[in-house]
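Below, each chain spelled out in residue letters.
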Amino acid sequence: MKKLVTFLLLILSAAVFAQQPQLETSMDSTSIKIGSQANLILKTTDVDTAATVNFPEGKNFGQLEVLESYPVDTVVKGAKYDLIKKYGLTQFDSGRYVLPRLSVFINDKQFRTDSLALVVNPVQVDTLKQKMYDIKDVSTAESKSLLWLWILIGVVVAAGIAFGVWFLIKKNREAKNKPKEEEVHYESPIEKATTHLKSLEGKALLQRGEVKDYYSELTDIARTYIEEAIHIPAMESTTAELIEAMKQAVRRKNMGLNQETFEELERVLRNADLVKFAKMRPLEYEIAEDRNRIEKTIVVIDQSIPEEKEEDNEHTLAWLEAQRKKEKQKRKNRNIIIAVATVVVVLGVTFYFVGRNVMRNYITGIPTQELLEGDWVKSSYGNPPVTIETPKVLKRRDASEMIPDDVAAMIKEMQIFIYGAMYDNLYVMVSTANYNQKVDIDLDLALDGGIKTMESRGATNIIVKKEVFATESGLQGVRGYGNLSMPNPVTKSPVRMYYEAYMFKHANGLQQIFIMYREGDEYAPKILDRIKESIEITKLNN
């Protein structure tokens, strides 16, 4: 009996154990080149659908750098799941590296991965095919400073400001020297107001349907009279403020104005506000009544003004002085506004015609959407020619400035054509080289040399991936691609870039195409695909 129970327990425990989640660890390669990628694969099997699984995360697993953590793949097996998690790992130094045991938690229960080894092989250099040279002394790099550009912009801005100041001085001088028109002097504010009322009727504004202009001039005549006769700020006051200020002045001067006068004046001012701001159109008899009310109000106010006492005279002088200062401040503010507006216009025009192109060509670059949607150019470059289609024509560059002297000694002929710069929104480079002696070119080594050239020009944190590439015509070469960081020449901060390089060899030379753009750009990948599809390589026979 005991043996039977023991046997049943063993069967039950085996069944339970078989249903427990399992963790498998594998790597798709045990040996890679420096900078290449090996994929670590973690697989959990027989995981319950309601279980919580946490895979390890981090920038490094031991001494191996995590290039990318891929999304988890799920395989459904009835009521169970198989979860597969993949990581891209690399190392930029040769040697044998051991992946430590990592922790995977399933429902807070810890499982440990197996410990695996990865060998990172150095790039082999064949010293029989590639002559070795002594280390060269440190040399001073050519300055790429944009100081001259900022000096040019500063000169243009200073010239614009100087022109604005000169224009204002000239305008003020002409205004002073211009003979003033003979001013009409009035004996009193009431004479001025009545004269302007008669002049208003002679303009025939109502006959032309210009009711708004008629009411504006009518109320301005009334406000001007009140301001000059009673010495209150009538021109810049609202209707309510004007009536209140008049009441205070009447009490201060003991003027004999009744409530009807205020009501008549306020009625006309309210009607004028409706005409000017609410586009109301009064009838002809209403317009005539408003005109008569203004004339009557002016006369009543003038008759009620008493002779000025000494304190009233002081108040008048103070008011006149305040008016003089206000007018002076207005002229000053007007000159400041004109000066600022002139500077803004000059800067705007300068930026539009000069600065915008300078910024686009040297700092921000032309937007990639504009490049993608613009007119493309198909052309052949170098010898033997590389034919590609690009948004802009590639410009020839002096190859001697871009290659080391020791490499130049091996090259019979080299031509380089470029659009943009390595930190721009888009950079395209095509080069062809023919060697002095027959060389069996290793395209992998040629790509590594291109990477070294990028490092010499400031590139850091370079990730390299390689694969075989074939053109539409079937000609095979090597494609290298990945990411790197380039310093911005102005801010010096690193800019993360994506690049692709294409290497082709012919009888005794090398043809290269290099394309780079800023990561995250929406339109640049479409430009890259179009350029890549257009590549045509002319191959020389042996």
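Residues numbered from 1 in each chain as written. Predicted model: local features only at pLDDT ≥ 70, side-chain atom pairs only at ≥ 80, totals over all residues. Heavy atoms only, no water.

Peer 1: Report on the overall build of the protein chain, specifying residues and quantitative values.
Peer 2: Counting secondary structure elements, the protein chain contains 12 helices and 22 strands. Residues classed as buried in the protein chain amount to 35% of the 542 residues present. A fraction of 60% describes how many contacts in the protein chain between residues 6 or more apart in sequence connect residues 24 or more apart. Per element, the accessible surface of the protein chain, about 33200 Å² overall, is 54% carbon and sulfur. (Helix = DSSP H or I, 4+ residues; strand = E, 2+ residues; numbered from the N terminus. Buried < 20%, exposed > 50% of the residue type's maximum accessible area, 1.4 Å probe, protein only. Contact = heavy atoms within 4.5 Å. Areas by Shrake-Rupley, 256 points an atom, 1.4 Å probe, with all protein chains shown as cover.)

Peer 1: I'd like a rundown of the sheet that holds strand β17 (residues 426-435), residues and numbers included.
Peer 2: The strand order across the open sheet built from seven strands is β15-β16-β17-β21-β20-β19-β18, with neighbouring strands paired in antiparallel fashion. The strands lining the two open edges of the sheet, one partner per strand, are β15 (395-397) and β18 (460-470). Looking at each pair of strands side by side, their axes are set apart by 20 degrees on average, direction ignored. Of the pairings in the sheet, the one linking strand β20 (residues 494-506) to strand β21 (residues 509-518) comprises 10 bridges and is antiparallel in character. (Pairing = 2+ DSSP bridges. Axes fitted to C-alpha atoms, helices over the stretch in contact; angles between N-to-C directions.)

Peer 1: Could you give me a rundown of the sheet that holds strand β12 (residues 116-121), with the residues and numbers involved?
Peer 2: Spatially, β2-β12-β9 is the arrangement adopted by the three strands of the open sheet, whose pairing is mixed. For this open sheet the edge positions go to β2 (31-33) and β9 (95-99), each flanked by a neighbour on one side alone. The mean inter-strand angle of the sheet, taken between neighbouring strand axes irrespective of direction, is 30 degrees.

Peer 1: An account of the nonpolar core is needed here, citing residue identities and associated values.
Peer 2: Side chains of a nonpolar character, in soluble globular proteins, are inclined to be buried together. If you look at the biggest cluster of nonpolar residues, it comprises 34 residues, and the most contacted ones within it are Y225, I226, I230, M246, I294 and I301. Broken down by secondary-structure element, the contributors of at least two residues to this core are α3 (189-202), α4 (211-230), α5 (239-253), α6 (259-277) and α7 (284-304). Top contributing element to this core by residue count: α4, with 10 residues. Once you skip the residues sitting within four places of it in the chain, I230 turns out to touch Y225, M246, A249, R252, K253, M255 and I301. Judged by nonpolar contacts, the second largest core, of 29 residues, contains L443, M454, V464 and V495. (Core = buried A, V, L, I, M, F, W, Y, C linked by side-chain atoms within 4.5 Å.)

Peer 1: Which residues make up the pattern of salt bridges, and what are the values?
Peer 2: Counting across every chain of the model gives 18 salt bridges. Between E217 and K203 there is a salt bridge, with its nearest N and O atoms 2.9 Å apart. Taken as a pair, E217 in helix α4 and K203 in the loop between α3 and α4 lie far apart in primary sequence, 14 residues in all. Take E217: its relative accessible area is 27%, and that puts it in the partly exposed class. (Salt bridge = Lys/Arg side-chain N within 4 Å of Asp/Glu carboxyl O.)

Peer 1: How would you sum up unusual backbone geometry? Please name residues and give values.
Peer 2: The omega torsion across N383 and P384 is -5 degrees, close enough to zero to call that bond cis. Examined against the element boundaries, P384 turns out to sit in the loop between β13 (377-381) and β14 (386-390). Positive phi values are uncommon outside glycine, yet N461 reaches one of about 50 degrees.

Peer 1: I'd love a proper account of the packing of α4 against α7, names of residues and values included.
Peer 2: At a minimum axis separation of 11 Å, α4 and α7 run at an interaxial angle of 5 degrees. On the basis of the axis angle, α4 is roughly parallel to α7. Note on element contacts: α7 touches α4 through E286, I287, D290, R291, I294, I298, I301 and D302, opposite V211, Y214, Y215, L218, A222, Y225, I226 and I230. For the contact of α4 with α7, the residue count by class is 12 nonpolar, no polar and four charged. (Parallel < 35°, antiparallel > 145°, perpendicular 65-115°, else oblique. Nonpolar A, V, L, I, M, F, W, Y, C, P; charged D, E, K, R; others polar.)

Peer 1: With reference to specific residues and values, describe the environment of R457.
Peer 2: Along the polypeptide, R457 turns up in the loop between α11 (443-456) and β18. Classification of R457 as partly exposed rests on a relative accessible area of 38%.

Peer 1: Explain the packing of aromatic side chains to me, and be specific about the residues and the numbers.
Peer 2: Scanning the model with the defined rule gives eight aromatic pairs in all. On the numbers, 5.9 Å between centres and 10 degrees between planes, the contact of Y499 with F514 is stacked. In this pair, Y499 sits in strand β20 while F514 sits in strand β21, placing the two residues 15 residues apart along the sequence. In terms of burial, Y499 and F514 fall into one category: buried. It is K247 that lies over the ring of F262; its NZ or CZ is 5.9 Å from the centre. The aromatic ring of Y481 is capped on one face by R479, whose charged end is 4.0 Å from the ring centroid. (Phe/Tyr/Trp six-rings, centres within 6.5 Å; stacked < 30°, edge-to-face > 60°. Lys NZ or Arg CZ within 6 Å of the ring centre and 35° of its normal.)

Peer 1: A description of a nonpolar patch on the surface should follow, citing residues and the corresponding values.
Peer 2: Taken together, the side chains of I161, V165 and I169 define a hydrophobic patch exposed on the protein surface, amounting to about 230 Å² of accessible area. Relative to the helices and strands, V165 resides in helix α2 (residues 147-177). (Patch = residues over 30% accessible without salt bridge, like charges linked within 9 Å, V, L, I, M, F, W, Y side chains within 5 Å.)

Peer 1: Please give an account of the side chain of S485 that cites residues and values.
Peer 2: Along the chain, S485 turns up in strand β19 (residues 476-487). When sequence neighbours within four positions are dropped, the list of residues in contact with S485 reads G458, A459, T460, N461, P494, V495 and R496.

Peer 1: Report on the environment of G164, specifying residues and quantitative values.
Peer 2: For G164, the location among the structural elements is in helix α2. With 175 residues separating them along the chain, G164 and A339 place their C-alpha atoms 6.4 Å apart.

Peer 1: Describe the pairing of strand β3 (residues 38-48), naming the residues involved and giving the relevant values.
Peer 2: Examined bridge by bridge, strand β1 (residues 22-27) and β3 share six bridges and lie antiparallel to one another. From the neighbouring strand, E24 faces β3, where its bridge partner is K43. The pairing of β3 with strand β8 (residues 80-90) spans nine bridges and is antiparallel. For A38, the partnering residue across the bridge sits in β8 and is L89.

Peer 1: Break down the environment of L394 for me, with residues and values.
Peer 2: Along the chain, L394 falls in the loop between β14 and β15. With relative accessibility at 4%, the residue L394 sits in the buried group. Separated by 24 residues in the primary sequence, L394 and I418 place their C-alpha atoms 4.9 Å from one another. Not counting residues within four places of it along the chain, the set of residues in contact with L394 comprises Y381, I388, F417, I418, Y419, V428 and V430.

Peer 1: I'd like a rundown of the pairing of β12, residues and numbers included.
Peer 2: Looking down a regular strand, the side chains alternate between one sheet face and the other. As judged from the three bridges shared by β2 and β12, these two strands associate in the parallel manner. Bridge pairing in β12 places S31 opposite V119. Across five bridges, β9 lies against β12 in antiparallel orientation. Looking at the pairing, G95 lines up with V120 of β12.

Peer 1: Any chance you could break down α4 for me, citing the residues and the numbers?
Peer 2: End to end, α4 covers 28 Å across 20 residues, agreeing with the expected 28 Å (1.5 Å per residue, within 8%). The element α4 is largely enclosed, with a buried count of 14 among its 20 residues. Count one or two residues on from α4 and you reach H231, which has phi positive near 65 degrees. (Expected span 1.5 Å × (residues − 1).)

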